[in-house]
Amino acid sequence: MSLFQSYSDYFVVSQKNGLSQFQTMTAYLGGSAFQTVLDNPVTAYRQLVQQYAKDAAGKAVDPKVATAEATAVFKANPAAAALSG
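Let me begin by describing the structure that accompanies this report. (Residues numbered from 1 in each chain as written. Predicted model: local features only at pLDDT ≥ 70, side-chain atom pairs only at ≥ 80, totals over all residues. Heavy atoms only, no water.)

A word on the side chain of S20. Structurally, S20 is set in the segment before α1 (21-51). The buried category is assigned to S20, whose relative accessible area is 4%. (Helix = DSSP H or I, 4+ residues; strand = E, 2+ residues; numbered from the N terminus. Buried < 20%, exposed > 50% of the residue type's maximum accessible area, 1.4 Å probe, protein only.)

Written as structure tokens, this is what we have:
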């Protein structure tokens, strides 16, 4: 196999794993998009709820209060909050 390959080789299905290089790259990009769009916001929200689960004195607060505070942060700036996780 040479360092440079033809364009058509990129779409040839490998006998080794049953996937072409194009299919492999598409799978990686799809997984990355899934993580960025769906997983990161959920994780960031969960971390915010955990962060607001205790008050300044370190005492546990009502879960409804922690959820409300995390929701307020997300509503104020959803993009920054979602990508902070």
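Picking up after the structure, the text goes on.
Counting 6 residues, the largest nonpolar core is built from A44, L48, A70, F74, A81 and A82. Ignoring any residue separated from it by four or fewer positions in sequence, one finds A81 in contact with A44, V73 and F74. (Core = buried A, V, L, I, M, F, W, Y, C linked by side-chain atoms within 4.5 Å. Contact = heavy atoms within 4.5 Å.)

Moving on, we come to the packing of aromatic side chains. One pass over the full model with this rule turns up 4 aromatic pairs. With 6.2 Å between their ring centres and 70° between their planes, Y10 and F22 make a pair best called edge-to-face. Remark: F22 occurs in helix α1 and Y10 occurs in the segment before α1; sequence separation between them is 12 residues. Here Y45 and F74 contribute two aromatic rings whose centre-to-centre distance is 5.5 Å and whose plane-to-plane angle is 70°, an arrangement assigned as edge-to-face. You can see Y45 sitting in helix α1 and its partner F74 sitting in helix α2 (residues 63-76), a full 29 residues away along the chain. A connected cluster of aromatic rings, assembled from ring pairs, spans Y10, F11 and F22. (Phe/Tyr/Trp six-rings, centres within 6.5 Å; stacked < 30°, edge-to-face > 60°.)

This part covers the environment of A56. By secondary structure assignment, the location of A56 is in the loop between α1 and α2. For A56, a relative accessible area of 90% corresponds to the exposed category.

Our next topic: α2. In this model, α2 (14 residues) spans 20 Å end to end at C-alpha, consistent with the 20 Å of a helix rising 1.5 Å per residue. Of the surrounding secondary structure, the elements contacted by the buried residues of α2 are α1 and α3 (78-83). (Expected span 1.5 Å × (residues − 1).)

Below, the discussion takes up the environment of D62. Inspection of the secondary structure puts D62 in the loop between α1 and α2. You can call D62 partly exposed: its relative accessible area is 43%. Between the C-alpha atoms of D62 and Y52, which are 10 residues apart in sequence, the distance is 9.7 Å.

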